[in-house]
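Given next are the chains, with one letter for each unit.
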Amino acid sequence: MKNNIHAKVSISSTAKINNSILKYYSRLKDYSELHNSTLGKYSYISQYSIVNKSKIGKFCSIANGCYIGLWEHNTDVSTHSFYLYEHSGDFVKGYKNYDKDNIETIIGNDVWIGANAVVMKGVTISDGVIIGASAVVTIDVPAYAIAVGNPARVIKYRYNDKDINWLLKLKWWNFSRKKLKKIIDKNGFNDFKAFKKQLKD
């Protein structure tokens, strides 16, 4: 199947990519996999992580060993994949999708997913979220929340409601490279007060 790979993309020689879109400056690190998915500008997938049927926004950080939107077996009678490949017992020829294969997982912009996290198929993780290491995300996570545990639950938010609403309207991830560089040069992305001052002056 065809891939759509934009400029400045970095793909490890050991990574796997199948029927996917990698946007400007996105990265696939060693032994990572991207299947039937879109990886947004400046986002990366770290070593040994697997992403399937997902749409990942800009400036996202997917740590090592994460599983996002993976395949789910049918369960009505048996969980065995009789209908997928000849090597599933040689009962059929060819391939038949699982019933849930078309369900998409959505990851917003500026999302950090910690090492060994699992994000179940069909979940939406909104902008600015942090998912803790080894979390199992089974339900949607609201913008700028920090969610941890199994099953993952929101333990707090990164900012107060007023600042979250401001950030969601601002959508800094859509800024031009020139504007982003100006903010970076003035330390705006390391200090929220400095960031707000630059953008509100």
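In short, a report on the structure. (Residues numbered from 1 in each chain as written. Predicted model: local features only at pLDDT ≥ 70, side-chain atom pairs only at ≥ 80, totals over all residues. Heavy atoms only, no water.)

Points about the pairing of strand 19 (residues 145–148)
Along any regular strand, the residues point their side chains to alternate faces of the sheet.
And step 1. With two bridges connecting them, strand 17 (residues 130–131) and strand 19 associate as parallel partners. In the sheet register, Ile131 faces strand 19, and the bridge partner there is Ala147.
And step 2. Where strand 19 meets strand 20 (residues 153–157), four bridges bridge the pair, whose relative direction is antiparallel. Directly across from Ile146, in strand 20, lies its bridge partner Lys156.
And step 3. A loop of four residues connects strand 19 with strand 20, the two strands running antiparallel in sequence, and Gly149 in this loop sits at a positive phi of about 95 degrees. (Pairing = 2+ DSSP bridges. Helix = DSSP H or I, 4+ residues; strand = E, 2+ residues; numbered from the N terminus.)

Describing the pattern of salt bridges
And step 1. A complete count under the given rule lists five salt bridges for this structure.
And step 2. Here Arg158 ties to Asp110 by a salt bridge, and the two come within 3.8 Å at their closest N and O atoms. Here Arg158 is found in the loop between strand 20 and helix 1 (161–170), whereas its partner Asp110 is found in the loop between strand 13 (105–107) and strand 14 (112–113), with 48 residues between them in sequence.
And step 3. For the salt bridge of Asp185 with Lys181, the shortest nitrogen-to-oxygen distance reads 3.1 Å. Of the two residues, Asp185 and Lys181 are both situated in helix 2 (residues 177–185); the distance of four residues between them amounts to about one turn of the helix.
And step 4. Using a relative accessible area of 54% as the deciding quantity, one classes Asp185 as exposed.
And step 5. Judged by its relative accessible area of 51%, Lys181 is exposed. (Salt bridge = Lys/Arg side-chain N within 4 Å of Asp/Glu carboxyl O. Buried < 20%, exposed > 50% of the residue type's maximum accessible area, 1.4 Å probe, protein only.)

Some words on the nonpolar core
And step 1. The biggest cluster of nonpolar side chains holds 27 residues, and the ones touching the most others in it are Ile45, Ile107, Ile113, Ile125, Ile131, Val137 and Val141.
And step 2. Among residues more than four places away in sequence, those in contact with Ile113 are Ser61, Ile62, Ala63, Cys66, Ile68, Ile107, Val119, Ile125 and Ile131.
And step 3. Listed in part, the 11 residues of the second largest apolar core include Ala143, Trp166, Trp172 and Phe195. (Core = buried A, V, L, I, M, F, W, Y, C linked by side-chain atoms within 4.5 Å. Contact = heavy atoms within 4.5 Å.)

Focus: helix 1
And step 1. Every buried residue of helix 1 is accounted for by Asp163, Ile164, Trp166 and Leu167. One side of helix 1 carries all its buried residues, which in axial view fall inside an arc of 165 degrees. Opposite the buried face of helix 1, by more than 90 degrees, sit the exposed residues Asp161, Lys162 and Lys169.
And step 2. In this structure, the buried residues of helix 1 make contact with strand 20 and helix 3 (192–200).
And step 3. Downstream of helix 1 by one or two residues, Lys171 has phi in the positive range, about 50 degrees. (Arc of directions from axis to C-beta.)

Structural notes on the sheet that holds strand 17
And step 1. Overall, mixed pairing links the eight strands, which are arranged 2-5-8-11-14-17-19-20 in an open sheet. Pairing within the sheet leaves two strands with one partner each, and these edge strands are strand 2 (10–11) and strand 20.
And step 2. Where strand 2 meets strand 5 (residues 27–28), two bridges bridge the pair, whose relative direction is parallel. Across the sheet, Ile11 pairs through a bridge with Leu28, a residue of strand 5.

Examining the sheet that holds strand 12 (residues 67–68)
Whether parallel or antiparallel, the strands of a sheet pair through hydrogen bonds between backbone atoms.
And step 1. Judged by pairing direction, the sheet is parallel, and its six strands sit side by side in the order 3-6-9-12-15-18 without closing on themselves. Looking at which strands have only one partner, the edges of the open sheet turn out to be strand 3 (16–18) and strand 18 (136–137).
And step 2. Bridging between strand 12 and strand 15 (residues 118–119) involves two bridges; their strand directions are parallel. Residue Ile68 lies in a different strand from strand 15, and its bridge partner there is Val119.

A few points about the packing of helix 2 against helix 3
And step 1. Where helix 2 contacts helix 3, the two axes come as close as 10 Å, and the packing angle between them is 130 degrees. Classified by the angle their axes make, helix 2 and helix 3 are oblique. Handedness of the crossing formed by helix 2 with helix 3: right-handed. Two secondary-structure elements touch here, helix 2 through Lys179, Lys182 and Ile183 and helix 3 through Phe195, Gln198 and Leu199. (Axes fitted to C-alpha atoms, helices over the stretch in contact; angles between N-to-C directions. Parallel < 35°, antiparallel > 145°, perpendicular 65-115°, else oblique. Left-handed = near helix turned anticlockwise from the far one by under 90°.)

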